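Residue-level structural notes
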Amino acid sequence: MNKEQEIQAAIVVFPDAIGFASPELNNAVKIACEQLNKFVDYLQTLDPELERHEATVLGGAILQGLPMLFKDNPEIIAGIKADCQKIRENRP
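The present account deals with the structure reproduced in this document. (Residues numbered from 1 in each chain as written. Predicted model: local features only at pLDDT ≥ 70, side-chain atom pairs only at ≥ 80, totals over all residues. Heavy atoms only, no water.)

Remarks on the overall build of the chain
Regarding its fold elements, the chain presents four helices and two strands. Ordering the α and β elements of the chain from the N terminus gives α-β-β-α-α-α. The buried share of the chain, taken over its 92 residues, is 7%. Across the chain, the fraction of contacts at a sequence separation of at least 24, relative to all contacts at a separation of at least 6, is 3%. Accessible surface computed for the chain: about 7,800 Å², of which carbon and sulfur atoms make up 61%. (Helix = DSSP H or I, 4+ residues; strand = E, 2+ residues; numbered from the N terminus. Buried < 20%, exposed > 50% of the residue type's maximum accessible area, 1.4 Å probe, protein only. Contact = heavy atoms within 4.5 Å. Areas by Shrake-Rupley, 256 points an atom, 1.4 Å probe, with all protein chains shown as cover.)

Regarding helix 3 (residues 52-71)
With 20 residues, helix 3 extends 30 Å from end C-alpha to end C-alpha; this agrees with the ideal 28 Å at 1.5 Å per step. Along helix 3, the sharpest kink reaches roughly 35 degrees, centred on Gly-65 and followed within four residues by the proline Pro-67. (Expected span 1.5 Å × (residues − 1). Bend = angle between axes of the 7 residues up to and from the residue.)

Considering the packing of aromatic side chains
Applying the stated criterion across every chain, the model contains one aromatic pair. Here the aromatic rings of Phe-39 and Tyr-42 are separated by 6.3 Å at their centres, their planes lie at 25 degrees, and the arrangement is stacked. Of this pair, Phe-39 and Tyr-42 both sit in helix 2 (residues 23-46), three residues apart, which is roughly one turn of that helix. Residue Phe-39 is classed as partly exposed on the basis of its relative accessible area, which comes to 26%. Tyr-42 gets classed as partly exposed once you look at its relative accessible area, which sits at 44%. (Phe/Tyr/Trp six-rings, centres within 6.5 Å; stacked < 30°, edge-to-face > 60°.)

No statement about biological role is implied by the geometric values presented.
The following block contains the structure:
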């Protein structure tokens, strides 16, 4: 990777700002995108007539609604908090 590619890889464009990403954040975004793609694949199995961009928008809408589903389920919240703690404990 040349210097320009390294700089571009370190820049993240958000709707309202430009930020700089660490290699760890870049890797996390890559993993999240891979998982979103798998979820969109799943949504298309539920309705094969959905076009890819439509299934992706639906996936985003489902992600946006998850906090509302979680707030009424203390077991899910406890599980998420336990996962957060495990992640923190595995920091180098």
